[in-house]
Amino acid sequence: MNANQRYRINHPAVIAEVLDGEAIIVNLDSGAYYSLRDSGCAIWTLLTQQCTPVETVATIQTHYVGDADDIQSGVDALLVELLAESLLVPAEGAQPNAPVLDMGSPSSGAPPFTPPLLEKFTDMADLLLLDPIHEVDVNEGWPQPPKGQR
């Protein structure tokens, strides 16, 4: 793994949203969906902003209290999982971005770092694979009338 590589969401196969400190990620090709909370959500947020693993580790170290080696191994392990699940892919030609990580009120102090946990759910895979969202034309949207009725 290249520590200076930048990554992006594997769009259009993957969609994601961060809500109330939890990243919800859906792989439309497999029908699996995923959850990342706490440090995992923060790492996801930074990686999807196309921060390198080095930049991600440095930013996490400023927002969490923990051993530098634990943070490094947590970021590395999560990145390996995200790539293995095809949720992230290398971003070719990506430009550096200033990391933005909203962790709430600074007066509350930095939370302790806990290793990220990528939770994977497949219980709705059949429904997600049947969803007509897979047939959406990027330029025409959904729903759209049958081709003969346009």
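Within each chain, residue numbers correspond to sequence positions counted from 1 in written order. Thresholds applied to this predicted model are a pLDDT of at least 70 for local features of residues and 80 or more for the giving and counting of side-chain atom pairs; totals over whole chains, interfaces and linings are not thresholded and use all residues. Side-chain figures throughout are based on the complete set of non-hydrogen atoms in the structure, without hydrogens or water.

**Some thoughts on the packing of helix H1 (residues 38-48) against helix H2 (residues 53-63)**
- To obtain each axis, a line is fitted to C-alpha atoms, and for helices this fit is confined to the stretch in contact; angles are then taken between N-to-C directions over 0 to 180 degrees. Each helix is a run of H or I in the DSSP string that is no shorter than four residues. Each strand is a run of E no shorter than two, and both are numbered from the N terminus. Closest axis-to-axis distance for the H1/H2 pair is 10 Å, and the angle between their directions is 140°. Relative to H2, the element H1 is oriented oblique. In the packing of H1 onto H2, the handedness of the crossing is right-handed. Facing Ala-42, Ile-43, Leu-46 and Leu-47 of H1, the residues of H2 in contact are Thr-56, Thr-59 and Ile-60.
- For the contact of H1 with H2, the class distribution of residues is five nonpolar, two polar and no charged. Any angle between 65 and 115 degrees counts as roughly perpendicular, while under 35 counts as roughly parallel, over 145 as roughly antiparallel, and the rest as oblique. Crossing handedness is defined as follows: a turn of the near helix away from the far one that is anticlockwise and smaller than a right angle gives a left-handed crossing, while the clockwise case is right-handed. Any two residues having at least one pair of non-hydrogen atoms within 4.5 Å are treated as being in contact. For this classification, Asp, Glu, Lys and Arg are treated as charged, while Ala, Val, Leu, Ile, Met, Phe, Trp, Tyr, Cys and Pro are nonpolar and the rest, including Gly, are polar.

**Considerations on the packing of H1 against helix H3 (residues 68-84)**
- Here H1 crosses H3 at 65°, and the two axes come no closer than 11 Å. Judged on the interaxial angle alone, H3 and H1 are roughly perpendicular. As H1 packs across H3, the resulting crossing turns out to be right-handed. Counted together, Gly-40, Ile-43, Trp-44 and Leu-47 of H1 and Val-75, Leu-78, Leu-79 and Leu-82 of H3 form the full contact between these two elements.
- In terms of residue class, the contact of H1 with H3 is made up of seven nonpolar, one polar and no charged.

**Examining the sheet that holds strand E4 (residues 33-37)**
- The sheet built from four strands is open, its strands ordered E2-E3-E4-E6 with antiparallel pairing. Edge positions in the sheet fall to strand E2 (14-19) and strand E6 (119-121), since each of these pairs with one other strand and no more. Each adjacent strand pair in this sheet contributes to an overall mean axis angle of 20°, direction not counted.
- Pairing of E4 with E6, which is carried by three bridges, proceeds in the antiparallel orientation. Across the sheet, the residue bridging to Tyr-34 is Lys-120, located in E6.
- Packed onto the sheet, H1 meets E2, strand E3 (22-27) and E4 and runs at close to 105° relative to E4. When DSSP finds two or more bridges between a pair of strands, those strands are recorded as paired.

**Some remarks on H1**
- Of all eleven residues making up H1, nine are buried, and the element is well covered by its neighbours.
- To sort residues, take the accessible area from a 1.4 Å probe on protein chains only and compare it with the maximum for the residue type: under 20% means buried, over 50% means exposed, and anything in between is partly exposed. When we look at burial in H1, the residues that qualify are Ser-39, Gly-40, Cys-41, Ala-42, Ile-43, Trp-44, Thr-45, Leu-46 and Leu-47.
- Phi for Gln-50, located one or two positions after H1, is positive at around 65°.

**What to know about the pairing of E4**
- Where E3 meets E4, five bridges bridge the pair, whose relative direction is antiparallel. Paired with Val-26 across the strands is Tyr-33, a residue of E4.
- Connecting E3 to the antiparallel partner E4 that follows it, the hairpin turn spans five residues, and Gly-31 within it adopts a positive phi of roughly 85°.

**Describing the packing of aromatic side chains**
- Within 6.5 Å between ring centres, the rings of Phe, Tyr and Trp (the latter by its six-membered ring) count as paired, and their orientation is classed by plane angle as stacked under 30 degrees, edge-to-face over 60, tilted in between. Applying the stated rule across the entire model yields two aromatic pairs.
- Relative to Phe-121, the ring of Tyr-33 has its centre 5.1 Å away and its plane inclined at 20°; by these criteria the two rings are stacked. One end of the pair, Tyr-33, is in strand E4; the other, Phe-121, is in strand E6, with 88 residues separating them in the sequence.
- Centroid distance Tyr-64 to Phe-113: 6.0 Å. Interplanar angle 85°. Geometry classified as edge-to-face. Taken as a pair, Tyr-64 in the loop between H2 and H3 and Phe-113 in the loop between strand E5 (88-90) and E6 lie far apart in primary sequence, 49 residues in all. Across this residue pair, the class does not change: Tyr-64 and Phe-113 are buried.

By themselves, these figures tell us nothing about what the structure is for.
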